[in-house]
Amino acid sequence: MTPPGSRITCCTNPRPSSFGKSAPRPAPLDGGVHLSELNSIPMDSMSIKSRGDINGLFLQPPASPGETSQGDSRMRFRYGPPPEAPDRDFENAGWKKIATPPVRRLFLWSLPITLVVFLLTYLGWRLLFTGEILDLNWEILDLNWIIIIGAIFFVAPFHELAHAVLTPIWGLYSHTILGLWLPKAAFYVYYTEPLSKIRFLVILAAPFILLTAFPLTVGGISRVFSPLVFYLTLGNALTCGADLLQIPVICCGIPHNALLLLNGCDTWWKVHPENPD
């Protein structure tokens, strides 16, 4: 994900509460986006489906596409910055903000990781098909950098789709937003509802795993070298730095049972009351 990670983002149907009643949706934000009434709806009203391999922490949306109206069961597209709710009082509702630098500073901070990932990807291809890691000729300088730059722009939408398909219902639910922010030259994926820590981390890592590590592994196993795949994996590696930079921050700084919620370019977290330990 590109900043912020890299980052990730309905309806008029009521959400069932923990008492069997229904709470109305808040008024839509700019661009028609709704956020849960975080200050009035208790966290224990959110539905969680228990799964043994992930300790039941993958949040489920309130209904499947077949149970919602036609307008609620599809991904949405947005032109402009990620939506936000400036009138929501997250702190009084128990949410804590993750310290995130501005988009441009995040990009600069992620450059070392970006270069390391790019170099490892190149060396991985070289080791698989030449048996050598480096020589004194530094052949990396002989790469066609025009093709690599083109590969970055070509792979960027697929990078964001890799984020999107890991949101609930494979990104088809209307809480998932695929956006284009031209002033920042960035595509992004945004999810308007809380996500478990595990799912959030998987969403961050998905583009690197699916579009760089997986093609490299398949190429190594099949012993088939494709220049197109080679350059696309390098182009994607150059877009993964901001995503990968956030992973250790979230792993080390947030409890395992936390929920994460996006609001504009900010990320907030809160321990789920049903899983306090």
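For the structure, see preceding data.
## Considerations on the sheet that holds strand β6 (residues 186-191)
With mixed pairing, the three strands of this open sheet are ordered in space as β3-β5-β6. A strand with exactly one partner marks an edge of an open sheet, and here the two such strands are β3 (76-79) and β6. Along the sheet, successive strands turn relative to each other by an average axial angle of 25 degrees, direction set aside. When strand β5 (residues 176-181) meets β6, the two strands line up antiparallel, connected through six bridges. Counterpart to L178 in the pairing with β6 is V189. Against the sheet, helix α2 (residues 145-164) touches β5 and β6, its axis set at about 10 degrees to β6.

## A short note on the pattern of salt bridges
Taken as a whole, this structure holds one salt bridge when the rule is applied. A salt bridge links K97 to D266, with the nearest nitrogen and oxygen atoms 3.5 Å apart. Highlighted residues: K97 in strand β4 (residues 96-97) and D266 in strand β9 (residues 266-271), separated in sequence by 169 residues. Note on K97: relative accessible area 48%, which makes it partly exposed.

## Some thoughts on the sheet that holds β9
Strands sit in the order β4-β9-β8-β7 across an open sheet of four strands; the sheet is antiparallel. Each end of this open sheet is capped by a strand with a single partner; those strands are β4 and β7 (195-196). Bridge count between strand β8 (residues 258-263) and β9: six bridges; the pairing is antiparallel. Its bridge partner lying in β9, L261 is registered against W268.

## Brief notes about the pairing of β3
Each regular strand displays side chains that alternate between the two surfaces of the sheet. Burial along β3 is one-sided: R76 and R78 are buried, and none of F77 and Y79, which face the opposite way, are. As paired strands, β3 and β5 are joined by four bridges and run parallel to one another. Counted as the bridge partner of Y79 is L180 from β5.

Parameters at a glance
- Residues numbered from 1 in each chain as written.
- Predicted model: local features only at pLDDT ≥ 70, side-chain atom pairs only at ≥ 80, totals over all residues.
- Heavy atoms only, no water.
- Pairing = 2+ DSSP bridges.
- Helix = DSSP H or I, 4+ residues; strand = E, 2+ residues; numbered from the N terminus.
- Axes fitted to C-alpha atoms, helices over the stretch in contact; angles between N-to-C directions.
- Contact = heavy atoms within 4.5 Å.
- Salt bridge = Lys/Arg side-chain N within 4 Å of Asp/Glu carboxyl O.
- Buried < 20%, exposed > 50% of the residue type's maximum accessible area, 1.4 Å probe, protein only.

Structural measurements only, silent on function.
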